[in-house]
Amino acid sequence: MAGGKFVDVAEVSRRFRTPLGDIAALEAVSFDVRAGEFVSIVGPSGCGKSTLVMLLAGLLAPTSGAVSIGGLVVDRPQTNLGIVFQSPVLLAWRSALDNVLLQLEMRGIPTAPHRERARTLLGSVGLDGFEHRYPHELSGGMRQRVSICRALIHDPPLLVMDEPFGALDALTRDQITLDIQRIWARGQKTVVFITHSITEAVFLSDRVLVMTPRPGRVDTLIEVDLPRPRRLAVREDPRFAAYTRQIHDRFLARGVLRDIEGVA
Ligand SMILES: Nc1ncnc2c1ncn2[C@@H]1O[C@H](COP(=O)(O)OP(=O)(O)O)[C@@H](O)[C@H]1O
Ligand SMILES: [Mg+2]
């Protein structure tokens, strides 16, 4: 499924200057994502995950190193990717459909030819019949689905999601996880998925990149060799447990997690 190297993060460091001194958010981070691959990034809060998203989107520049997408160095805000943030940031006065189309309007693309596609996208995440509802009429999960459709409306080759399910309840997270898997499987898209859920990372990914605490570095990269499409029940598979265990162990080794003492 995966093709050549599509995203290339090479020796990227990023520091922030603050009144209390310099903060090293990322240090010498290198990894790549092949075309069509699903890569998750897990790491503790503050390890630079959102900073990495901003670097991929060209909304921040690295202090050193370089990010390339599709062979081109990212040196300005990127238009050929879709981003989903933890909070869906929808405009309250626009319907679900018009919030999806907003992405095109902001790019100066006429929306009329894309209304049907926007409807189809909303339908593909279970929002049939909700096209004309306003954000306050939608649940948190529905709002996040609208923001996923908005990120996809211009059919970008790369989708970047920054803890998109953080604010959702467990059942809704499960459903959206399945939706994301389906969108990815159909769309031939390259996905970078940031999460602090080890289970979600293993469930969705071809590879999981585990980060160290700040300054964020690549701790380890784990290849998840489980057949696709994956059903929720795969989470009970011993192979699945072995992958999550491997990631837990990295966090334990780094002091990100501390297990009960005195218990083997
Ligand atoms: N614009 C900024 N100015 C100063 N410090 C920042 C800025 N953005 C992020 N940081 C700091 O960089 C570190 C990494 O932040 P972030 O990328 O948001 O981490 P994560 O998303 O993994 O929780 C944190 O210590 C944060 O306080
Ligand atoms: Mg973050």
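Every value quoted in this text rests on a predicted model; they were computed, and no experiment measured them.

Asks: Could you clarify how one ought to interpret the site of ligand 1 in this entry?
Replies: The environment of ligand 1 is made up of F16, T18, A25, P44, S45, G46, C47, G48, K49, S50, T51 and R214. Note that an oxygen atom of ligand 1 is positioned 2.7 Å from one of the backbone N or O atoms of G46. One nitrogen or oxygen atom from the side chain of R214 is found 2.8 Å from an oxygen atom belonging to ligand 1. Considering every element that reaches the shell around ligand 1, the biggest residue donor is helix α1 (residues 49–56), with three residues. Among the residues making up the shell around ligand 1, the classes are represented as four nonpolar, six polar and two charged.

Asks: Just to check I follow, could you spell out the environment of T244 for this structure?
Replies: Inspection of the secondary structure puts T244 in helix α7 (residues 238–253). Aside from chain neighbours lying at most four places away, what touches T244 is I198, T199 and V202. A distance of 3.0 Å separates the side chain of T244 from the backbone oxygen of A241, its partner in a polar contact.

Asks: It is not clear to me how the nonpolar core should be interpreted in this structure. Could you clarify?
Replies: In a soluble, globular protein the nonpolar side chains are often hidden away together inside. Within the largest apolar cluster, 47 residues are counted, with the highest numbers of intra-cluster contacts made by V146, I180 and I247. Ranked by residue count, the leading element in this core is helix α4 (residues 140–152), at six residues. V146 has contacts with L90, A96, N99, V100, L122, L127 and L138, leaving out every residue within four places of it along the chain. With 27 residues, the next largest nonpolar core counts A57, L81, V192 and M211 among its residues.

Asks: Please clarify how the pairing of strand β7 (residues 158–162) should be interpreted in this entry.
Replies: Looking down a regular strand, the side chains alternate between one sheet face and the other. In terms of burial, β7 is largely enclosed, as five of its five residues are buried. Neither face of β7 is open: one carries L158, V160 and D162, the other L159 and M161, and all of them are buried. Relative to strand β8 (residues 190–195), β7 is paired through five bridges, and the arrangement is parallel. Of the residues in β8, the one forming a bridge with D162 is I194. In this fold, β7 hands off to helix α5 (residues 170–187), which returns the chain to β8; that crossover is right-handed.

Reading the values: rules and limits
- Numbering of residues begins from 1 in every chain and follows the order in which that chain's sequence is written.
- Labels follow written order: the first chain is A, the first ligand is 1, and so on.
- The predicted nature of this model means local features are confined to residues of pLDDT at least 70 and side-chain atom pairs, given and counted, to a pLDDT of 80 or more, with totals for whole chains, interfaces and linings taken over all residues.
- To get the side-chain values, all heavy atoms of the structure are used, and hydrogens and water are removed first.
- For this purpose, a residue is taken to be near a molecule or strand whenever a single non-hydrogen atom of the residue falls within 4 Å of it.
- Two N or O atoms form a polar contact when they lie within 3.5 Å of each other; inside protein one atom must be a possible hydrogen donor and the other a possible acceptor, and for residues adjacent in sequence the pair counts only when both atoms belong to side chains.
- Where helices and strands are cited, they refer to DSSP runs of H or I of at least four residues and of E of at least two residues respectively, numbered from the N terminus.
- Three classes are used: nonpolar for Ala, Val, Leu, Ile, Met, Phe, Trp, Tyr, Cys and Pro, charged for Asp, Glu, Lys and Arg, and polar for all others, with Gly counted as polar.
- A contact between two residues is defined here by any heavy atoms of the two lying within 4.5 Å.
- Residues belong to a common nonpolar core when they are buried Ala, Val, Leu, Ile, Met, Phe, Trp, Tyr or Cys residues joined through side-chain atoms within 4.5 Å.
- Exposure categories follow from relative accessible area, calculated using a 1.4 Å probe and restricted to protein chains: below 20% of the type maximum is buried, above 50% is exposed, and the middle band is partly exposed.
- For two strands to be treated as a pair, DSSP must find at least two bridges joining them.
- If the strands point away from the viewer and the path from the first strand over the helix to the second runs clockwise, then the crossover is right-handed.

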